[in-house]
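# Secondary and tertiary structure notes
The chain contents come next:
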Amino acid sequence: MSRSTSAHHSIASLTAPVAMGYIPLGAVFGFLFVQAGGAAWLAILSSLLVYAGAAQFMMIPMLAAGASVGAIALATFVLNLRHAFYGLSLLNSMPAKRWQRWYAVFGLTDETYSVLTALPSDVSARRMALVTALNQGWWVLGTTLGALAGARAQVTLAGLDFVLASLFAVLAVEQWRARADAVPIWLALAAYAIGYAIAPGQALALAIALSLLACALRPDPAKHRKEAS
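Report follows, based on the coordinates. (Residues numbered from 1 in each chain as written. Predicted model: local features only at pLDDT ≥ 70, side-chain atom pairs only at ≥ 80, totals over all residues. Heavy atoms only, no water.)

## Some thoughts on a nonpolar patch on the surface
Applicable threshold: Excluding any residue in a salt bridge, patches collect residues exceeding 30% relative accessible area, merging like charges within 9 Å and nonpolar Val, Leu, Ile, Met, Phe, Trp and Tyr side chains within 5 Å. Only the protein chains shown count as cover for residues, and the accessible areas themselves come from Shrake-Rupley with a 1.4 Å probe. Just to be clear on terms, a salt bridge is a Lys or Arg side-chain nitrogen sitting within 4 Å of an Asp or Glu carboxyl oxygen. The way it works is that DSSP assigns letters per residue, a run of H or I at least four long becomes a helix, a run of E at least two long becomes a strand, and they are numbered from the N terminus.
There is a patch of nonpolar side chains on the surface, built from Phe85, Leu88, Leu91, Tyr192, Tyr196, Leu204, Ile208 and Leu212 and spanning about 810 Å² of accessible area. Elements supplying a minimum of two residues to the nonpolar patch: α5 (83–89), α10 (183–198) and α11 (203–217). Sorting elements by how many residues they give to the nonpolar patch places α11 first, with three residues. On the secondary structure map, Leu212 appears in helix α11.

Structure below.
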């Protein structure tokens, strides 16, 4: 097997867990978008140009209720503000080429961030861009299938709402296996437990804030190991 074939096989295997979540979830989005009265091609265009899963789902009832474009844009901005923190942590490893860098920023989702941070530190910029593009491809494929199904058939969606939780569980396990340092995972679990005890309805937001604070206060493990040696 050639090096190129092996590299593409490796990228495909990296994004396989994302595909198992994005294809059915994208299909649910496409289906609901069409059932709400939108055109199938608009659902697909949304996944190509917006590509923000939770925001796209939020957009469906807002569009159905006749909300303005400005209101939808503001809600999308607030919902996706967490991606700014993702980008800051990847700033030094982003591709140098302008188009690759801009696309990597645009395509940075929760799941893509999880895959990218599990890659070795010396991974090429081209490979980062390919992982990002392939993940979006899974979402667009799912949207297309769902939009076509929504225009032609009545399909039950019971149980598909658990797909995203399953996907995050798989990605968390992959992060655990890829990292020698398990402290961040324990910090995240503890932060969520504290957040849930304080305000169950806002547990996720509190957990993110507490995790960021803990990571900022925690000494750099690599620097500590270097000093110890």
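## Thoughts on unusual backbone geometry
Backbone geometry places Tyr51, a non-glycine residue, at a positive phi of 50°. Note that Tyr51 resides in the loop between α2 (40–49) and α3 (53–64).

## Description of the packing of aromatic side chains
What counts here: Between 30 and 60 degrees the pair is tilted, below 30 it is stacked and above 60 it is edge-to-face, where a pair is any two Phe, Tyr or Trp rings, Trp via its six-membered ring, whose centres lie within 6.5 Å. Residue exposure (1.4 Å probe, protein chains only): buried if accessible area is under 20% of the type maximum, exposed if over 50%, otherwise partly exposed.
All told, the structure shown has eight aromatic pairs when counted by the stated rule. A centroid spacing of 6.4 Å and a plane angle of 75° characterise the contact between Phe57 and Trp139, whose relative ring orientation is edge-to-face. Pair noted here: Phe57 is in helix α3 and Trp139 is in helix α8 (residues 125–152), with a separation of 82 residues, a long-range link. Judged by its relative accessible area of 3%, Trp139 is buried. Following the ring pairs from residue to residue traces out a cluster consisting of Tyr22, Phe29, Phe33, Phe57 and Trp139.

## Quick word on the environment of Trp186
Tracing the backbone through its elements, the reader meets Trp186 in helix α10. Linking Trp186 and Ser211, residues 25 residues apart in sequence, is a C-alpha distance of 10.0 Å.

## Section: helix α7 (residues 110–117)
By the criterion of burial, α7 is predominantly enclosed, with seven of the eight residues buried. Considered for burial, the residues of α7 that qualify are Asp110, Glu111, Thr112, Ser114, Val115, Leu116 and Thr117.

## Section: the side chain of Ser47
Test applied: Whether two residues are in contact is decided by their heavy atoms: any pair within 4.5 Å suffices.
Mapped onto the elements of the fold, Ser47 is located in helix α2. Using a relative accessible area of 0% as the deciding quantity, one classes Ser47 as buried. Each residue touching Ser47, except ones within four places of it in the same chain, is listed here: Phe29, Gln56, Gln136, Trp139, Val140 and Thr143.

## Quick look at α11
Residue pairs three or four apart in sequence face the same way in an α-helix, which turns once every 3.6 residues. Threshold: Any helix carries an expected span of 1.5 Å times its number of residues minus one. Regarding the arc, it is the one traced by the directions from the helix axis to the C-beta atoms.
Between its terminal C-alpha atoms α11 stretches 21 Å, which fits the 21 Å expected from 15 residues at 1.5 Å a residue. Along α11, the residues that are buried comprise Ala203, Ala207 and Ser211. Down the axis of α11, the smallest arc covering the buried residues is 65°, so these residues share one side. When the buried face of α11 is taken as reference, the exposed residues oriented beyond 90 degrees from it are Ala216 and Leu217. Looking at the buried side of α11, the elements it contacts are α10.

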